[in-house]
Amino acid sequence: MFYVRDKQGQKPFIKEGKIYELLEKTKSPDSIKVDEIIQKSLSKKRLEPEEVATLLNVEEETTLEKIFEGAKTLKQRIYGNRIVFFAPLYIGNKCVNDCQYCGFRSSNKEIYRNSLTFEQLKKEIEALENKGHKRLILVYGEHPEYDANFIAKTVETVYNTKNNNGEIRRVNINAAPQTIDDYKKIKDVGIGTFQIFQETYHYETYKKLHPKGPKSSYIWRLYGLDRAIQAGIDDVGIGALFGLSNYKFEVMGLIYHTIHFEERFGFGPHTISFPRIEPALNTPLSFQPPSLVDDKTFKKIVAILRLAVPYTGLILTAREPIKVRNEVLKLGVSQIDAGSNIGVGAYSTQDKESYKKSQFTLSDQRSLDLVIKELSKEGYLPSFCTACYRMGRTGEHFMEFAIPGFVKRFCTPNAILTSLEYSLDYASNETKNIIKNQINEEFKNMEEGKLKNMLLEKIKLIENGERDLYF
Ligand code: SAM
Ligand code: SF4
């Protein structure tokens, strides 16, 4: 068992021995116990590590089915049918680390290195705005060029670049862990969530796969989001890269990370991400991940995370193939990307060789319009809402979960308003009609009263050309 302390002498919160002990203790769980755990989650309580270990040890088909049904019920009851859309925007792929699974790693000589100039960045933003995006996550390699001042300047550029009705209203960040002072510089330009994935919570595996650069320090990364919160960034996103180590261990790591935040700061992570390793140019490990997670296990991971931390947002990316995306969406995912292109500069140039500048390859390459059309047909309500962030309401996923009526009062009306904007400004004719039907359906189901009247007023204003109206 490893033993580490960070510079402030904090106790480590990932205790390997304890995780193994719980996974051993809860082997072959009976279905009554599993039922009880699911009921606890449905009563809106975060699960304890032993309960999560119990769910992870379920292998029997009918009991697994109960877990899937439980996750679906929880999603329907608490979050409803909204899906929030975002797009990733890669700013630069230079990197001083050597993560063995990543196309950007420093020892990869086949990747073409580049960073967007501010002119190119503007073009990328305009291209994304022209598709209808309102929320971005900016992604950076770890390199002296991408310091906090640079990151802050890229965020400002994104907010300042507007194009007809197009504008980006929320910028999230996925970048290297920073010092508290550097986080403050980034917070000051108005970011939404700061994401850092631990990749693997398993210390030995982490050490082996991160042999070089600042990322070789497990503990600097593990406490990376603590420093973000200390700097005043309330929305932080955790994640594990599935395929590096045993999936049960990683889910337990995510739960202990969550509990650590709750105990230290009084609130949990805003989002949890669960990417699986995808093939990356000239990166052997990415083609043969050491602990490959198959599609069925992936579904199990998502359902258990939904039940384990019912108040957090779950992010599913276009790394996953369409079929898998459609299946796990039902299990409680709150945000997805669509129309994504992860080659540096590829949104504006349509660069056919962009894979040479990409971190890995994406499986779902459908356009935003097509994904919206297909999901709306399935009864999902697309949303580009950024209202909470704009109103200073941090932790919106927690509020959706914890405040009775929050979804009805804010989220659904805002989803209607932003999907209406999308349909008027960017949708193809076919998608426009499908969104219209979906909006009518939602509107019909709303209770009569003041809120519905106010929404109708806002709908009319948007139809007459006003934009960016929200509750
Ligand atoms: N460079 C920073 C870092 O490592 O934290 C920020 C962004 S990194 C470009 C974003 C995430 O991509 C990583 O945290 C990792 O989980 C994920 N990633 C890296 N290689 C991958 C691969 N081959 N397939 C899927 N995801 C990968
Ligand atoms: Fe660099 Fe991040 Fe890729 Fe690691 S995962 S090589 S830090 S870009």
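Fair warning: this is a prediction, and the values are worked out from it, not measured in the lab.

Here is what the cut-offs are and how they apply
Numbers given for residues are sequential positions, taken from 1 along each chain in its written order. Whichever chain is written first becomes A and whichever ligand is written first becomes 1, with later ones labelled in order. Per-residue local features are limited, in this predicted model, to residues with pLDDT of at least 70; the limit for side-chain atom pairs, both in listing and counting, is 80 or more; totals at the level of whole chains, interfaces and linings are taken over all residues. Water and hydrogen atoms were dropped before computing side-chain values, which therefore reflect all heavy atoms in the structure. Distances are taken per atom, and a residue is near a molecule or strand as soon as one of its heavy atoms is within 4 Å of it. Only protein atoms enter the 1 Å grid, on which a cavity is a set of points fitting a 1.4 Å probe that cannot get out and a pocket is an open set with protein on both sides within 12 Å along at least 5 of 7 lines, lining residues being those with an atom within 4 Å of a point. Cavity and pocket membership follows a simple rule, namely that a molecule belongs there if more than half of its atoms are within 2 Å of the grid points. Asp, Glu, Lys and Arg are counted as charged, while Ala, Val, Leu, Ile, Met, Phe, Trp, Tyr, Cys and Pro are counted as nonpolar; the rest, among them Gly, fall into the polar class. In this analysis, axes come from line fits to C-alpha atoms, helices being fitted only over the stretch in contact, and the angle between any two N-to-C directions falls in the range 0 to 180 degrees. Here a helix means four or more residues in a row that DSSP labels H or I, a strand means two or more in a row labelled E, and each is numbered from the N terminus. Geometric relationships in this document are graded by angle, where less than 35 degrees denotes roughly parallel, more than 145 denotes roughly antiparallel, 65 to 115 denotes roughly perpendicular, and other angles denote oblique. A clockwise turn of the near helix away from the far one marks a right-handed crossing, whereas an anticlockwise turn of less than a right angle marks a left-handed crossing. By definition in these notes, contact holds between two residues if any of their heavy atoms fall within 4.5 Å. Think of a polar contact as two N or O atoms within 3.5 Å of one another; within protein, one of them needs to be a possible hydrogen donor and the other a possible acceptor, and neighboring residues in sequence only count if both atoms come from side chains. The buried label applies to any residue whose accessible area, calculated with a 1.4 Å probe on protein chains only, is under 20% of its type's maximum; exposed applies above 50%, and partly exposed to all values in between. Here, any two strands with at least 2 DSSP bridges between them count as paired. A clockwise course of the path from the first strand over the helix to the second, judged with the strands pointing away from the viewer, identifies a crossover as right-handed. Grid points are joined across faces, edges and corners, and a volume is the space filled by probe spheres set on the points.

Novice: Which parts of the structure should I look at to understand the site of ligand 2?
Specialist: In the vicinity of ligand 2, the residues found are C95, N97, C99, C102, F104, R105, G141, K215 and Q359. Of all the cavities here, the one that holds ligand 2 is the largest cavity. A class-by-class count of the residues in the shell around ligand 2 yields four nonpolar, three polar and two charged.

Novice: I tried to follow the packing of helix α4 (residues 61–79) against helix α13 (residues 295–308) on my own but got confused; where do I start?
Specialist: A packed helix pair is summarised by two numbers, namely the angle formed by the two axes and the spacing between the axes. In contact at an axis separation of 9 Å, α4 and α13 are set at 50° when each is read in the N-to-C sense. Looking at the two axes, α4 sits oblique to α13. Crossing of α4 over α13 shows left-handed handedness. Across the interface between the two elements, E61, L64, I67, F68, G70, A71, L74 and Y79 from α4 touch K296, K299, K300, A303, I304, R306 and L307 from α13.

Novice: Hey, could you run me through the site of ligand 1 in this one?
Specialist: Lining the immediate surroundings of ligand 1 are 18 residues, of which Y101, E199, K215, R221 and E278 lie closest. One nitrogen or oxygen atom from the side chain of E199 is found 2.5 Å from an oxygen atom belonging to ligand 1. Between an oxygen atom of ligand 1 and a side-chain N or O atom of K215, the distance comes to 2.9 Å. Counting atoms within 2 Å of the grid points, the majority share of ligand 1 lands in the largest cavity. By residue class, the composition of the shell around ligand 1 is nine nonpolar, three polar and six charged.

Novice: Explanation requested: the environment of N165 in the structure shown.
Specialist: Its location among the elements puts N165 in the loop between α6 (148–160) and β3 (170–174). With relative accessibility at 32%, the residue N165 sits in the partly exposed group. Separated by 33 residues in sequence, N165 and G132 have C-alpha atoms that sit 9.1 Å apart. Beyond its immediate chain neighbours, meaning those up to four positions away, N165 contacts K134, D425, Y426 and R467.

Novice: Please explain the pairing of strand β2 (residues 135–140) as it appears in this structure.
Specialist: Look at any regular strand and the pattern is simple: side chains alternate between the two faces of the sheet. Most of β2 is tucked away, with six of its six residues classed as buried. Alternating positions in β2 separate into two faces, R135, I137 and V139 on one and L136, L138 and Y140 on the other, with burial throughout. Looking at chain direction, strand β1 (residues 82–92) and β2 are connected through five bridges and run parallel. In the sheet register, Y90 faces β2, and the bridge partner there is V139. Read as a crossover between parallel neighbours, the route from β1 over helix α5 (residues 118–131) to β2 is right-handed.

Novice: Mind showing me how you'd approach empty space enclosed by the protein here?
Specialist: The probe, sized like a water molecule, is rolled over the atoms to show the empty space still left. Per the counting criterion, the structure on display carries five cavities of 30 Å³ or more. There is about 660 Å³ of room inside the largest cavity. In terms of lining, the largest cavity is formed by 37 residues, of which the most central are Y90, V139, N174, R319 and Q359. Every element with two or more residues in the lining of the largest cavity is listed here: β1 and β2. There is about 200 Å³ of room inside the second largest cavity.

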